[in-house]
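Next come the chains, spelled out residue by residue.
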Amino acid sequence: MTPATRQEVLGLYRKVLRIARTWQSASGQPEETMREKEYIRNEARTLFRKNRNVTDPKLIKQCIEECEARIEIGLHYNIPYPRPIHLPPMGLAHKQGRTLRHQEKLRKISKPIYLKSHDEVS
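Reference entry: report on the structure contained in this document. Here the structure is a predicted model, which is why all the values come from computation and not from measurement. (Residues numbered from 1 in each chain as written. Predicted model: local features only at pLDDT ≥ 70, side-chain atom pairs only at ≥ 80, totals over all residues. Heavy atoms only, no water.)

**A look at a nonpolar patch on the surface**
- Taken together, the side chains of Tyr77, Ile79 and Tyr81 present a nonpolar region at the surface, about 260 Å² in accessible area.
- Locating Ile79 in the fold gives a position in the loop between α3 (57–77) and α4 (98–109).
- Note on Ile79: relative accessible area 33%, which makes it partly exposed. (Patch = residues over 30% accessible without salt bridge, like charges linked within 9 Å, V, L, I, M, F, W, Y side chains within 5 Å. Areas by Shrake-Rupley, 256 points an atom, 1.4 Å probe, with all protein chains shown as cover. Salt bridge = Lys/Arg side-chain N within 4 Å of Asp/Glu carboxyl O. Helix = DSSP H or I, 4+ residues; strand = E, 2+ residues; numbered from the N terminus. Buried < 20%, exposed > 50% of the residue type's maximum accessible area, 1.4 Å probe, protein only.)

**Focus: the packing of helix α1 (residues 3–22) against α3**
- At their nearest, the axes of α1 and α3 sit 11 Å apart, and the two run at 25 degrees to each other. Overall, the two elements α1 and α3 adopt an arrangement that is roughly parallel. As for the relative orientation of α1 and α3, their crossing is left-handed in sense. For the pair formed by α1 and α3, the contact residues are Thr5, Glu8, Val9, Leu12, Lys15, Val16 and Ile19 on the first element and Ile60, Ile64, Cys67, Glu68, Ile71, Glu72 and Leu75 on the second.
- Partitioning the contact of α1 with α3 into residue classes produces 9 nonpolar, 1 polar and 4 charged. (Axes fitted to C-alpha atoms, helices over the stretch in contact; angles between N-to-C directions. Parallel < 35°, antiparallel > 145°, perpendicular 65-115°, else oblique. Left-handed = near helix turned anticlockwise from the far one by under 90°. Contact = heavy atoms within 4.5 Å. Nonpolar A, V, L, I, M, F, W, Y, C, P; charged D, E, K, R; others polar.)

**Here we look at the nonpolar core**
- With 13 residues, the main nonpolar core has Leu12, Val16, Ile40, Ile64, Cys67 and Ile71 as its most contacted residues.
- Taken together, the elements giving at least two residues each to this core come down to α1, α2 (30–50) and α3.
- If one sorts the elements of this core by residue count, α1 sits on top with 5 residues.
- Leaving out residues up to four positions away in the same chain, Ile40 has contacts with Val16, Ala20, Trp23 and Pro80. (Core = buried A, V, L, I, M, F, W, Y, C linked by side-chain atoms within 4.5 Å.)

**A look at a positive patch on the surface**
- A cluster of basic side chains, namely Arg14, Lys15, Arg18 and Arg21, defines a positive patch on the protein surface.
- Structurally, the position occupied by Arg18 is in helix α1. (Lys, Arg positive; Asp, Glu negative; His and termini not counted. Charge placed at Lys NZ, Arg CZ, Asp CG, Glu CD.)

**Digging into the state of the cysteines**
- Tallying each qualifying case throughout the model produces 0 disulfides.
- In this model Cys63 remains outside any disulfide bridge; the closest cysteine sulfur is found in Cys67, 9.2 Å from its own. (Disulfide = S-S within 2.5 Å.)

**Some points on the pattern of salt bridges**
- Overall, the coordinates contain 3 salt bridges when judged by the stated rule.
- The closest approach of N and O atoms between Arg41 and Glu38, which form a salt bridge, is 2.9 Å. One end of the pair is Arg41 and the other is Glu38, both in helix α2 and 3 residues apart, which spans about a single turn.
- Here Glu65 makes a salt bridge to Lys61, at a shortest N to O gap of 2.7 Å. Highlighted residues: Glu65 and Lys61, both in helix α3, separated by 4 residues, approximately one helical turn.

So this is what it looks like as structure tokens:
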């Protein structure tokens, strides 16, 4: 990791922790605000620690983009949790064969960048 990339990642981590410190829930209830603040801190710690040893520049860039996307979406919608995606159910495909593989491939491709690491951690 280059020094510039390291500074960018540390800056993102600090930004997330600052957001968690000043976060207000949409409902304004103190217990919900505390729960959401704790979620933001725990999610940031978990994901940044999980990706601590990543050395591939492309993967690092992808993680940075995901973090920035999650920050922007969280601030825009005032929801710290990843927004769900709506995909067609896989129940329409046969349980085996090319159609199932094709649907699984489409599902993987259509997953938004801000949800790439969410399923791995959750």
